[in-house]
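Okay, here's what each chain looks like letter by letter:
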Amino acid sequence: MQREEIYAALPGALLPWYASHARDLPWRRDREPYHVWLSEIMLQQTRVEAVRGYYLRFLDAFPTLRDLAAADEARLLKLWEGLGYYSRARNLQKAAQVIMSVHGGAFPASYEGLLSLPGVGPYTAGAIGSIAFGLRIPAVDGNVYRVASRFYGIREDVGRPVVQCRIRNLVTADIPSDRPG
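Residues numbered from 1 in each chain as written. Predicted model: local features only at pLDDT ≥ 70, side-chain atom pairs only at ≥ 80, totals over all residues. Heavy atoms only, no water.

K.L.:
Kindly report on the packing of aromatic side chains, identifying the contributing residues and their values.
P.N.:
The final tally for this structure, using the stated rule, is six aromatic pairs. Judged by centre distance (5.3 Å) and plane angle (65°), the rings of Trp 37 and Phe 107 are edge-to-face. A residue pair is termed long-range when its members are at least 10 positions apart, and Trp 37 in helix H2 (residues 33-43) and Phe 107 in the loop between helix H6 (86-102) and helix H7 (111-115) qualify at 70 residues. By the burial criterion, Trp 37 is buried, and Phe 107 matches it. Seen from their ring centres, Phe 58 and Trp 80 are 6.0 Å apart, and the 80° between their planes marks the pair as edge-to-face. (Phe/Tyr/Trp six-rings, centres within 6.5 Å; stacked < 30°, edge-to-face > 60°. Helix = DSSP H or I, 4+ residues; strand = E, 2+ residues; numbered from the N terminus. Buried < 20%, exposed > 50% of the residue type's maximum accessible area, 1.4 Å probe, protein only.)

And the structure:
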């Protein structure tokens, strides 16, 4: 089998496996941008099992973007207590306020719009864009760079921006158009 055939077959092999083996996590139950965004921010440098309870409590306290935007910061930080990196919680609120004031309460549905939000970088914008909006944009982190470099036979340093750009382009090209998230 040629390398191109392997690349083409990979989504068809991985997606059914994921469908039958994926963990049941509360943030995977819908594609609501607010829920996807919240989970992605909480999951940064935090174990999945640690996030589960925080995610549910947070949504109980702030069920909508409007609620988060208007929240008392002391209450917000108290709910975040134990997740660490309090700048993530502050940026969540800043981004919610931007969404309410600049975007009329609707999450930006473009990669560029997502990147414009406080605390949202390329990985998070890719995750939100692909999961919530069906955009063919990858969520590429260090693990993806490492695995993709092996998969595509790239021997250069994946820490170099030019190599990362190349990998992102390769990964993007292989995202199935019917299931980008």
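K.L.:
Can you explain the nonpolar core? Please cite residues and give values.
P.N.:
If you look at the biggest cluster of nonpolar residues, it comprises 38 residues, and the most contacted ones within it are Tyr 34, Trp 37, Met 42, Phe 58, Leu 68 and Phe 107. Every element with two or more residues in this core is listed here: H2, helix H3 (48-61), helix H4 (65-70), helix H5 (73-80), H6, H7 and helix H8 (122-133). With residues near it in sequence (within four places) discarded, Phe 58 still touches Tyr 34, Leu 38, Met 42, Leu 68, Leu 76, Leu 79, Trp 80 and Leu 92. Membership of the second largest hydrophobic core comes to eight residues, among which are Val 140, Tyr 145, Tyr 152 and Ile 154. (Core = buried A, V, L, I, M, F, W, Y, C linked by side-chain atoms within 4.5 Å. Contact = heavy atoms within 4.5 Å.)

K.L.:
Quick rundown of unusual backbone geometry? Include the residues and the values.
P.N.:
One non-glycine residue, Gln 45, adopts positive backbone phi at about 55°. Of note, Tyr 85 is a non-glycine position whose phi angle comes to about 45°, a positive value. Within the secondary structure layout, Tyr 85 lies in the loop between H5 and H6.

In short, geometric facts, not functional conclusions.
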